[in-house]
Number of protein chains: 2
Amino acid sequence: MAKLVTDESKNTRTHQEIRAENERAILKAAEAVFVAHGLKGATMQAIADLAGIPKANVHYYYQSKKKLYIAVLTSIVEDWNTGLEDIHEDSDPKQSLETFIRLKLDSAFNHPNHHKLFAVEVINGAPYLHQLMTTKMNQWAERKSAVIKSWYDQGKISINDPLQLLILIWTTTQRYAEFDTEILNLFGKDAYDDEDKKRVAEFLIPFILRGCGL
Amino acid sequence: MAKLVTDESKNTRTHQEIRAENERAILKAAEAVFVAHGLKGATMQAIADLAGIPKANVHYYYQSKKKLYIAVLTSIVEDWNTGLEDIHEDSDPKQSLETFIRLKLDSAFNHPNHHKLFAVEVINGAPYLHQLMTTKMNQWAERKSAVIKSWYDQGKISINDPLQLLILIWTTTQRYAEFDTEILNLFGKDAYDDEDKKRVAEFLIPFILRGCGL
DNA sequence: GTCTATATCCGGATAGAC
DNA sequence: GTCTATCCGGATATAGAC
């Protein structure tokens with residue numbers, strides 16, 4: 001009896017684990033294939049092959065290519081608006097901004113595919129993202145803008161257009177992910193090494209702080 | 001006799017005009033459809049419809065979708081590396097950079113589709129652009145880097161990583177084209193008006209100049 | 001849950017009449 | 001040069017055996 005229960009729960013657990021594992025593998029593979037070929041250009045076969053799973057099973061887990069695509073987007077966007085979380089009117093702008101920039105750079109260097117997928121989606125007019133996150137992002141930007149604005153009012157910073165500062169920081173950091181091919185080419189490298197990452201941070205942070213009059 | 005010649009040349013000219021006109025219409029339509037749906041996602045039917053031309057005729061002028069895509073890319077890349085043309089060791093950095101930024105912003109606001117197409121192409125690893133322009137771009141960047149470096153050596157500017165400065169200027173200006181949907185959303189607008197363009201320039205130029213220590 | 005075989009559709013490209 | 005009708009490959013999605 002006890003044995004039976006143990007077996008059952010073990011089977012169930014194994015089952016769930018297999019499912020979770022397969023879903024993870026598919027999502028990861030899909031991410032890469034979507035980045036490389038776009039939504040239409042990606043084939044379920046290529047995704048299945050890369051995940052090491054039969055094509056039919058990919059359809060079993062995610063019913064259609066569109067649903068799979070949206071699942072990928074969703075998983076990416078979840079940790080999107082992190083950073084700059086705990087800043088207030090009385091935070092130190094210099095410290096806050098530096099932390100934020102470092103966070104964004106880490107994200108760019110660690111998950112280039114996420115940023116690429118996101119960028120292409122936005123460039124194409126964000127047909128799938130729009131309902132998913134536009135309002136959330138607007139609210140986030142507005143809250144942060146308000147804080148930066150208050151810094152300005154206190155004379156802590158010489159930027160009175162916070163929105164554009166946010167855009168600039170997003171852009172300059174994410175670019176190292178989106179355009180990695182091109183930038184690595186200019187750097188004469190095959191991949192970013194620690195030196196490169198350090199070099200980027202050491203250029204970008206003082207530059208932006210100076211731009212802010214800090 | 002004179003009449004005949006006139007007629008002939010008139011016919012010929014009309015013919016050529018029709019061809020030129022059709023090619024232009026197709027290129028323009030293709031640009032829009034490729035931007036909205038990507039290379040694979042774009043259909044020849046959609047391009048033909050937008051151009052107001054039967055699908056078979058699109059194939060008549062450009063034999064395949066790939067050739068059409070490359071034609072579009074080529075037409076875009078031609079005026080790409082303009083700007084910052086006439087700068088030398090003894091130019092004024094402040095003046096040169098401001099001019100360059102304004103040029104890039106004009107380009108971004110006037111030809112957003114060009115920048116979007118270019119960006120997607122680069123994000124996807126630039127499969128078609130690479131042979132077309134990588135070396136040209138590297139050489140351009142290297143020449144300009146040398147000039148900026150000489151400004152640094154003369155103490156005119158406090159940037160000693162010229163490549164990253166160039167990347168930053170490219171990025172921050174082009175972004176207003178690539179992400180126009182998102183940015184307009186943040187601005188609460190449907191399209192950039194002259195106010196917006198002015199606002200962007202008046203944020204970006206002083207910011208970057210301050211960043212350069214100018 | 002897994003996987004093979006297949007139905008079904010869509011889109012690029014062409015043939016051939018005008 | 002223009003346009004209709006059609007071919008055909010390739011990809012999504014599913015049916016159904018295991």
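Further up the page is the structure itself.
In what follows, the accompanying structure is described. Predicted model only: the values in this text are computed from it and were never measured. (Residues numbered from 1 in each chain as written. Chains lettered and ligands numbered in written order. Predicted model: local features only at pLDDT ≥ 70, side-chain atom pairs only at ≥ 80, totals over all residues. Heavy atoms only, no water.)

## Focus on the protein's contact with DNA strand C
And then number 1: Residues in contact with DNA strand C amount to 17 residues; listed here are only the nearest, His15, Pro54, Tyr60 and Tyr61 of chain A together with Lys65 of chain B.
And then number 2: Of all atoms in DNA strand C that approach within 4 Å of the protein, 62% are sugar or phosphate atoms.
And then number 3: The side chain of Arg19 of chain A places a nitrogen or oxygen atom 3.1 Å from a phosphate oxygen of DNA strand C.
And then number 4: Within the side chain of Lys55 of chain B, a nitrogen or oxygen atom sits 3.0 Å from a base nitrogen of DNA strand C.
And then number 5: Within the residue set of the surface near DNA strand C, elements represented by two or more residues are helix H1 (2-41) and helix H3 (55-61) of chain A together with helix H3 (55-61) of chain B.
And then number 6: A breakdown of the residues in the surface near DNA strand C according to their chemical character gives eight nonpolar, six polar and three charged. (Near = heavy atom within 4 Å. Polar contact = N/O pair within 3.5 Å; in protein donor to acceptor, adjacent residues only side chain to side chain. Helix = DSSP H or I, 4+ residues; strand = E, 2+ residues; numbered from the N terminus. Nonpolar A, V, L, I, M, F, W, Y, C, P; charged D, E, K, R; others polar.)

## A look at the interface of chain B and chain A
And then number 1: At the interface, 48 residues of chain B touch 49 residues of chain A.
And then number 2: When chain B packs against chain A, the two sides together hide about 4,600 Å² of surface, and 65% of this comes from carbon and sulfur.
And then number 3: The interface formed by chain B and chain A holds four salt bridges in total.
And then number 4: Where Arg199 of chain B meets Asp161 of chain A, a salt bridge forms, and the shortest distance between an N and an O atom there is 2.8 Å.
And then number 5: Contributions of two or more residues to the side of chain B that touches chain A are made by helix H1 (2-41), helix H6 (112-123), helix H7 (129-153), helix H8 (162-178), helix H9 (180-187) and helix H10 (194-211) of chain B.
And then number 6: In terms of residues, the side of chain B that touches chain A owes the most to one element, H8 of chain B, which gives twelve residues.
And then number 7: For the side of chain B that touches chain A, the class distribution of residues is 25 nonpolar, 15 polar and eight charged. (Contact = heavy atoms within 4.5 Å. Buried area = accessible area lost by both parts, 1.4 Å probe. Salt bridge = Lys/Arg side-chain N within 4 Å of Asp/Glu carboxyl O.)

## Some thoughts on the packing of helix H6 (residues 112-123) of chain A against helix H8 (residues 162-178) of chain A
All names here are of chain A.
And then number 1: The geometry of H6 relative to H8 is characterised by a closest axis approach of 8 Å and an angle of 105° between their N-to-C directions. Taken together, the axes of H6 and H8 are roughly perpendicular relative to one another. Contacts from Pro112, His115, Lys116 and Ala119 of H6 reach H8 at Gln174, Ala177 and Glu178.
And then number 2: Among the residues making up the contact of H6 with H8, the classes are represented as three nonpolar, two polar and two charged. (Axes fitted to C-alpha atoms, helices over the stretch in contact; angles between N-to-C directions. Parallel < 35°, antiparallel > 145°, perpendicular 65-115°, else oblique.)

## What about the environment of Pro93 of chain A?
And then number 1: Tracing the chain through its elements places Pro93 of chain A in helix H5 (residues 93-110).
And then number 2: Residues Pro93 of chain A and Phe34 of chain A, spaced 59 residues apart in sequence, show a C-alpha to C-alpha distance of 38 Å.

## Quick word on the relation of the copies chain B and chain A
And then number 1: Superposing chain B onto chain A takes a rotation of 179° combined with a translation of 0.1 Å along the rotation axis, leaving an RMSD of 0.2 Å. Both chain copies can therefore be described as sitting about a two-fold axis. It is Gly211 of chain B whose C-alpha, among those of chain B, lies nearest the rotation axis, at 2.2 Å.
And then number 2: A symmetric contact is evident, with 100% of the interface residues of chain B recurring at the interface of chain A. (Least-squares fit on C-alpha atoms with pLDDT ≥ 70 in both.)

## Looking at unusual backbone geometry
And then number 1: You will see that Ala126 of chain A, though not glycine, has its phi angle at about 55°, which is positive.
And then number 2: Tracing the sequence through the fold places Ala126 of chain A in the loop between H6 and helix H7 (129-153).

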